[in-house]
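# Architecture and fold: a report
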Amino acid sequence: MKAIELEKAYNPKDFEDRIYKDWEAKGCFKPASDQASPVHAEWECKCKSRAPSTYAVVIPPPNVTGVLHMGHGLNNTLQDIVVRYHRMKGDNTLWLTGTDHAGIATQNVVERQLKKEGLTRNDLGREKFLERTWAVKEDHHNIIVKQQRKLGNSTDWERERFTYDEGLSAAVRDVFVSLYERGLMYRGKRLVNWCPRCGTALADDEVDHEDTQGAMYHIYYEYADGSGKIEVATTRPETFFGDTAVAVNPTDERYTALVGKKLKLPITGKEIPIIADEYVDKEFGTGMVKITPAHDPNDWEVGKRHNLEVVNLLTPDGRLNENVPEKYRGLKPEAARKLVIEDLTEAGLFKGEEKMVHSVGHCYRCKTIVEPYLSDQWFVKMKPMADKALAAWKAGEIQFFPKKWENTYEQWLVNIRDWCVSRQIWWGHRIPVWYCQKCGEVIVSREDPTKCPKCGCGAEDLKQDPDVLDTWFSSWLWPFSTFGWPENTEDLKRFYPTTALVTAYDIIFFWVSRMIMAGLEFTGKAPFHDIYIHGLVRDKQGRKMSKSLGNGMDPLEIIDSYGADALKFTLGFMCAQGQDILIDKDSFKLGSRFCNKVWNASRYLLGNLEGRNLIPVTDADLTELDKWIYARLNKAVSSAREALESYRYNDAASALMEYFWNEFCDWYVEATKLNFKNGDEREKDRQATVLLNLLEENLRLLHPYLPFVTEEIYSKLPVKEIVEARKAAGQNKILSSSEYCGMLIDAPYPETAAERENQTVVERFDALKDLIGKTRALRAECGLDPAAKLSMAILVQKGSAAEVCKEKTDMIELLAGMKQIDFVETKPERAIGTVGSGFEAFLIVDESINTEALKAKFNKEIETQTKYAQNSERKLSGNFAQHAPAELVEEEKQKLLECQNRIEKLQSYLKSL
């Protein structure tokens, strides 16, 4: 056999784009049930004997407002890992991709562009504005798709969907009308969250609450009969023009006699009553609260209970309107507040203010302060659907990974409020409601009506509701609308309910809970079973990545520097359940180093095949060293499978790295050099065959985390020869009968094999590794040249696993760098030792070691450590121990103990010398 040459340096730019195009061209991302899939024939064969499992995932659709950030990089990476794993397991696997039209966010992008041109959306008109928005959508969509391909997403591109495409639009209409027909959709004048900048209502969970510097203002209201005055406090004094009552607690004896008495509003002189309501906390402030039903959610509820007048003070753009005195009209709230305080002070009705920090709602998109605003909106009754979603969770139909998010899910559903779904923007699904201009009939229809069903007038007299639906109203249908619902398509029957949802915790309310409610309401099934909630990507200081902080990272920049595999492995390795990921650009060197290790190890193995022949190798032909590595491979396969089944990405990545880098490369491959050095030709052929078998299986094991580099190396393997040699040895069961259709992506994932378990061999080699590892550490500790050949003595406890050392002296000499090894009964003279399980190992201080230099080194370090210990003791006996936090004191104690132990060890070395 000829040697197989890999490029000397690992350079992912040489092959990543080529491999991705190859995967896509060959239909490798398609589910096995598709005829275009390269493994369709094998899937059909399986169907004759059993029903293969289905694994379906729908991607959280990114917004078409920009480019993917590192949070998307993490989310896409985690999905790709499990999708590749299940595809290799033989499941009928589909990862469906798509994008979200992102109503408010996308409209904001276009309106900012228009503003630079001195235009507004009204200058263009609705139709022209939508044309422009579609163009922006296309531009951003193309960028996003390019990024996803660079990431290596193994999504079925022919099934790609968009939340505003024709099919999903039909589903949205059907759901709106169905909810209306079921009494779950209604229109009403309600107090909503209003963004003056976006000019639209927002749902409760679209409001970000931030601590903001403000003040509590104390104001006097005079009795209408002139008999005195009361004091009220508010953070929004400019809203008192909308006050229609002052409330006290009915159990507050201080004010019982005042209930029903009239007050006179400052400046306007309007009379309002004092009312009694249990909402008032009599222990807070004066126990008297101004009630402004149109501008506070709690006041709105009080107003409904007491049938109070509702006075709206704001225009849609957030300015004071005609319901305030003329001098305040047209002012923004902040400017009006300043003027009101001046006028109250002049009238002697302003007591003072207290500075304070309080929570203020901001628009989740443009960050403008949100105003409570009275307007006509469409709402969904959520309680009936929330009850179903809670019942599904309690019945085990859905499960969260990690489980801690179940509490968040439960609390939100228990305390759910009706969902305001209408938005006063143009980009989005138009509300399918028409109002007859002749008779006032309200028409809610799946199809555009041609006439009024009540009075019979034509379409020209029917005016459609100008509002659009909340972006999340299409997103909550994503898991089933993307498969063609409401039609009962083959994809819907085959892939719905999906298997898993992988998403970040910041959209549990927006999206996850609503998808479960929609799935149960319209299909009778929860849309997925597994819900894996991952953390957010933050910088090393724990800050969320953002443009304003300048700490964001573009996944494409990382890929350009290190390759997609380095990015994927690093994110998978660092993604622990329930934790955010703290990274910087240097973090990705971890993945890059591992990719290099895989490349270089493969290059060494393939480059040394010159003159070798692959031969049948049975279990009886395996050496103890071979049996050990197969046992460790078995453990790695078991650990990876178990971790990936429960979405413990970091545990799987750690197991893979430990096995391949440490056990396979640093121990096994290094140890096999003895066989190539000392063995005959058949032994060399045997060893080369085992190494290639292991490499082939290792590449399959690593593929979900390192898809590109493993596919490139795999394409160089003599797969046909490996298959034939395995078959000849009776090992063909390890390989798929299809021989993977030539690509690793479709190869079977390694499985555990009971016959590979060998605890005795593992224990013997653990002892051998322990001795060699501790000997290496002792050499390094003494500052001895790693290349120098030394002499050592080993004292082995009889009956221990360490007795293997007597049989493996050639391996110890090779891996520990020894020229001579003696087995002794007692500690030799002039020797420095280390202890392990069942053995003591000693480096012999002979002519190959410069004793005086070693003594000087030990003495110098003792001097340094002694100074450090003295400083630490002074610290612990002084003010530090009395005043520092307990954890810092304990940390200092541990440092002192380590220092003292090190001094003791160095002194023992000197004594040995």
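Here's what I pulled together on the structure shown here. The shown structure was predicted, so the numbers you read here are calculated from the model rather than taken from an experiment. (Residues numbered from 1 in each chain as written. Predicted model: local features only at pLDDT ≥ 70, side-chain atom pairs only at ≥ 80, totals over all residues. Heavy atoms only, no water.)

## Here's the deal with the overall build of the protein chain
Counting its secondary structure elements, the protein chain contains 29 helices and 28 strands. In terms of overall dimensions, the protein chain has C-alpha extents of about 110 × 80 × 55 Å along its principal axes. With 913 residues in all, the protein chain has 55% of them scored as buried. Once local pairs closer than 6 in sequence are excluded, the contacts in the protein chain between residues at least 24 apart make up 77%. When the accessible surface of the protein chain is split by element, carbon and sulfur atoms take 48% of a total near 40100 Å². Where the 123 positive side-chain charges of the protein chain centre and where its 139 negative ones centre are 1 Å apart. (Helix = DSSP H or I, 4+ residues; strand = E, 2+ residues; numbered from the N terminus. Buried < 20%, exposed > 50% of the residue type's maximum accessible area, 1.4 Å probe, protein only. Contact = heavy atoms within 4.5 Å. Areas by Shrake-Rupley, 256 points an atom, 1.4 Å probe, with all protein chains shown as cover. Lys, Arg positive; Asp, Glu negative; His and termini not counted. Charge placed at Lys NZ, Arg CZ, Asp CG, Glu CD.)

## Some remarks on the pattern of salt bridges
For the structure on display, the rule yields 69 salt bridges. Taking the shortest distance from any N to any O, the salt bridge between Asp651 and Arg648 comes out at 2.6 Å. Judged by relative accessible area, which is 33%, Asp651 ranks as partly exposed. By relative accessible area, which is 25% here, Arg648 ends up partly exposed. Between Glu697 and Arg756 there is a salt bridge whose closest N-O contact spans 2.9 Å. (Salt bridge = Lys/Arg side-chain N within 4 Å of Asp/Glu carboxyl O.)

## Let's talk about the sheet that holds strand β26 (residues 818–823)
Whether parallel or antiparallel, the strands of a sheet pair through hydrogen bonds between backbone atoms. What the four strands build is an open sheet, ordered β26-β25-β28-β27; its pairing is mixed. Two strands in the sheet have a free side with no partner beyond their single neighbour: β26 and β27 (831–836). Between one strand axis and the next, the sheet turns by 25 degrees as a mean value, whatever way the strands run. In this structure, strand β25 (residues 790–796) lies alongside β26, joined through five bridges in parallel fashion. (Pairing = 2+ DSSP bridges. Axes fitted to C-alpha atoms, helices over the stretch in contact; angles between N-to-C directions.)

## Focus: the state of the cysteines
For the structure shown, the criterion picks out zero disulfides. No disulfide involves Cys363; its sulfur sits 3.7 Å from the nearest other cysteine sulfur, which is in Cys366. Not part of a disulfide, Cys420 finds its nearest cysteine sulfur in Cys363, a span of 13 Å. Overall, Cys420 belongs to the buried group, its relative accessible area being 4%. (Disulfide = S-S within 2.5 Å.)

## A short note on the sheet that holds strand β15 (residues 419–420)
Pairing within the open sheet is antiparallel, and its four strands lie in the order β5-β4-β13-β15. Each edge of the open sheet is held by one strand with a lone partner, namely β5 (200–202) and β15. For strand β4 (residues 185–195) and strand β13 (residues 371–380), the ladder comprises 10 bridges, and the chain directions are antiparallel. Within β13, the residue paired with Tyr186 across the bridge is Phe379.

## Brief notes about the side chain of Thr503
Mapped onto the elements, Thr503 comes out in strand β21 (residues 500–504). If near-sequence neighbours (up to four positions away) are discounted, Thr503 is found in contact with Pro60, Asn75, Trp511, Val512, Tyr532, Ile533 and His534.

## Some details on the pairing of strand β7 (residues 229–234)
Note: strand β6 (residues 207–223) against β7, six bridges, orientation antiparallel. For Ile219, the partnering residue across the bridge sits in β7 and is Val232. Taking the residues that link successive antiparallel strands as the turn, the β6-β7 hairpin has five residues, and the phi of Gly226 there is positive, at about 80 degrees.

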